[in-house]
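So the chains spell out like this:
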Amino acid sequence: MEGNYTENSSYDEFTLNFKLDENVEIDQKEMDLFNYEFVGNRVTCVETEINGIRALQYTVPATLPIEPFLTKQLYKPEFLAILSNILNQLMYFDENDMPLSKLFLDFKYMYIELSTMNVQLIYMPVKKVFPSVNVTNFIEDLIRKVRFSDLECVELVDNILAYLDSRLMFNLADFYNFILNLQAREMLESDKTAEESGTTVLVNSSEYENPIPYLVRIRTNELIPVLKNNFIVGKSHEADYQITDNRKVSRKHASFRISNGECYIKDNNSTNHTFVNGKLLQPNVEVMLSNNDYIRFGDEEFKYWVR
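Conventions adopted
Residues numbered from 1 in each chain as written. Predicted model: local features only at pLDDT ≥ 70, side-chain atom pairs only at ≥ 80, totals over all residues. Heavy atoms only, no water. Buried < 20%, exposed > 50% of the residue type's maximum accessible area, 1.4 Å probe, protein only. Helix = DSSP H or I, 4+ residues; strand = E, 2+ residues; numbered from the N terminus. Arc of directions from axis to C-beta. Polar contact = N/O pair within 3.5 Å; in protein donor to acceptor, adjacent residues only side chain to side chain. Pairing = 2+ DSSP bridges. Core = buried A, V, L, I, M, F, W, Y, C linked by side-chain atoms within 4.5 Å. Contact = heavy atoms within 4.5 Å. Phe/Tyr/Trp six-rings, centres within 6.5 Å; stacked < 30°, edge-to-face > 60°. Lys NZ or Arg CZ within 6 Å of the ring centre and 35° of its normal. Salt bridge = Lys/Arg side-chain N within 4 Å of Asp/Glu carboxyl O. pLDDT = per-residue confidence, 0-100. Axes fitted to C-alpha atoms, helices over the stretch in contact; angles between N-to-C directions. Nonpolar A, V, L, I, M, F, W, Y, C, P; charged D, E, K, R; others polar.

Q: I would appreciate a short explanation of helix H1 (residues 28-35) in the present structure.
A: The periodicity of an α-helix, 3.6 residues per turn, causes residues three or four positions apart to be oriented the same way. Among all positions of H1, only Glu-30, Met-31, Leu-33 and Phe-34 are buried. Axial view of H1: buried residues confined to an arc of 165 degrees, hence all on one face. At the N-terminal boundary of H1, the capping side chain belongs to Asp-27, with an oxygen 3.3 Å from the backbone nitrogen of Lys-29.

Q: What exactly am I supposed to notice about the sheet that holds strand S12 (residues 231-234) here?
A: The strands that make up a sheet pair up through hydrogen bonds in the backbone, lying either parallel or antiparallel. Here we have five strands laid out as an open sheet, ordered S13-S12-S14-S15-S18, and mixed in their pairing. Whereas interior strands pair on both sides, the edge strands pair on one side only; in this sheet they are strand S13 (241-242) and strand S18 (287-288). In this structure, S12 lies alongside strand S14 (residues 254-259), joined through three bridges in antiparallel fashion. Bridging from a neighbouring strand, Ile-232 pairs with Ser-255 of S14.

Q: For this particular structure, what's the right way to read the sheet that holds strand S5 (residues 64-65)?
A: One open sheet accounts for three strands, arranged S5-S7-S8; its pairing is antiparallel. The open sheet has two free edges, formed respectively by S5 and strand S8 (118-120), since each of these has just one partner strand.

Q: What exactly am I supposed to notice about the nonpolar core here?
A: Buried together is how nonpolar side chains tend to be arranged in soluble globular proteins. Tyr-58, Phe-93, Ile-160 and Phe-175 are the most contacted members of the largest nonpolar core, which has 74 residues in total. Take this core: its biggest share by element is ten residues, from helix H3 (residues 76-95). Tyr-58 has contacts with Phe-14, Thr-15, Leu-16, Phe-18, Phe-34, Val-43, Thr-44, Cys-45, Ile-122, Tyr-123, Met-124 and Pro-125, leaving out every residue within four places of it along the chain. Counting 20 residues, the second-largest nonpolar core is a separate cluster that includes Tyr-241, Ile-243, Val-249 and Tyr-304.

Q: How do you make sense of the packing of aromatic side chains when you look at a structure like this?
A: When we look at a pair of aromatic rings, we describe it by the centre distance and by the angle of the planes. Counted by the stated rule, this structure contains 22 aromatic pairs. A centroid spacing of 5.0 Å and a plane angle of 65 degrees characterise the contact between Phe-14 and Tyr-111, whose relative ring orientation is edge-to-face. Of the two residues, Phe-14 sits in strand S2 (residues 13-19) while Tyr-111 sits in strand S7 (residues 111-113), which places them 97 residues apart along the sequence. The burial state of Phe-14 is the same as that of Tyr-111; both residues are buried. Their ring planes at 90 degrees and their centres at 5.1 Å tell us that Phe-104 and Tyr-109 sit as a pair that is edge-to-face. Here the aromatic cluster, defined as three or more aromatic residues joined through ring pairs, consists of Phe-18, Phe-34, Phe-38, Tyr-58, Tyr-92, Phe-93, Phe-104, Tyr-109 and Tyr-123. If you follow Arg-257 out to its NZ or CZ, it ends over the ring of Tyr-264, 5.0 Å from the centre. Above the plane of the ring of Phe-275 lies Arg-296, whose end atom (NZ or CZ) is 4.1 Å from the centre.

Q: Please clarify how the pattern of salt bridges should be interpreted in this entry.
A: With the rule as written, the count across this model stands at 14 salt bridges. A salt bridge links Glu-47 to Arg-54; the nearest nitrogen and oxygen atoms lie 2.7 Å apart. The partner of Arg-144 in a salt bridge is Asp-141, with the nearest N and O atoms 2.3 Å apart. Residue Arg-144 and its partner Asp-141 are located together in helix H4 (residues 135-145), separated by three residues, close to a single helical turn. Taking relative accessible area as the criterion, Arg-144 reaches 58% and is therefore assigned exposed. When its relative accessible area of 32% is taken as the criterion, Asp-141 is described as partly exposed. A cluster of three or more residues bridged by salt bridges with shared partners is formed by Arg-217, Arg-219, Asp-245 and Glu-300.

Q: Any chance you could explain the confidence of the model for the protein here in plain terms?
A: Confidence in the prediction of the protein, expressed as mean pLDDT, is 85, and 88% of residues score 70 or more. A low-confidence stretch, residues 1-5 (pLDDT under 50), is modelled with 20 contacts involving residues beyond four sequence positions or located in other chains. This stretch, residues 199-209, has a pLDDT under 50; its non-local contacts, to residues over four places away or in other chains, come to 19 contacts.

Q: Can you help me understand the packing of H3 against helix H5 (residues 151-166) in this one?
A: The relative placement of two packed helices comes down to the angle between their axes together with the axis-to-axis distance. Put simply, H3 and H5 touch, their axes get as near as 9 Å, and they point 35 degrees apart. For the pair H3 and H5, contact is made by Lys-76, Phe-79, Leu-80 and Leu-83 and by Glu-152, Cys-153, Leu-156 and Ile-160, respectively. Among the residues making up the contact of H3 with H5, the classes are represented as six nonpolar, no polar and two charged.

Q: Explain unusual backbone geometry here, please?
A: Trans is the common state for peptide bonds, and a negative phi is the common state for residues other than glycine. In this structure, Asn-277 is a non-glycine residue whose phi angle is positive, near 55 degrees. Inspection of the secondary structure puts Asn-277 in the loop between strand S16 (274-276) and strand S17 (279-280). Looking at Asn-277, the relative accessible area reads 47%, which means it is partly exposed. Within the chain, Asn-284 stands out as a residue other than glycine whose phi angle is a positive 65 degrees. In this structure, Asn-284 sits in the loop between S17 and S18. Take Asn-284: its relative accessible area is 51%, and that puts it in the exposed class.

Okay, here's the thing in structure tokens:
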């Protein structure tokens, strides 16, 4: 990446400035796509002038640099959350024809929000060809930087490296699904442990043999596994999936229930209602979902997807 780098910080955000050569043009489509909040990434980018010098300025929300964070002991769920978030963003760039080579896949320019494990990535929306990026090497570098907490993490890493070694050609979508399956298995095992300790569990890994249902958030392309028998979507901190950036979503807008391999949705008397394939749901009445159904909470759209 070209140009000089400077940093300015404040209590709730900081800025990164990168000098641009005069002959480098901005790709406005790519800039618009990058500035659209997606998959937990809230970094924004503008073209500006600093002391007469043309620059790209990035505003990064209050986060921590990921490099020192990785040196603390990470548990398996933390590492999987970080990796799946990064891969989900790579999928967003790839699906929108934004070359991954324009990403700063450099750990000193990657940031993490501790409350969500969302990773903030930096992208250069310019009309210029950059050297190709090797995602497999990046993942291996990420693994090498992590200080894992226990043997379970070591076994996880062995599983991931074995997967990468077994593929002649790396496929981003296939690897992303592989990591999502590991995440789902971890969540199910956690639920089973909670049940054995006396906590109410919604799905038992030994009993749940049906394909895992997901919600795909259309606006961000986020993939959300529905693993509980009473999975709540809303803006409340008590919801299993929180939508905090849309005022038309109620605190506990709707619930999903898994029974006998089927998934049912119910509107929880929300203010702006729930719709399935455009049809209004009556409050507190369950409706069975089918694969690829479109769901709308107020004006927030999702797709129901079963692998």
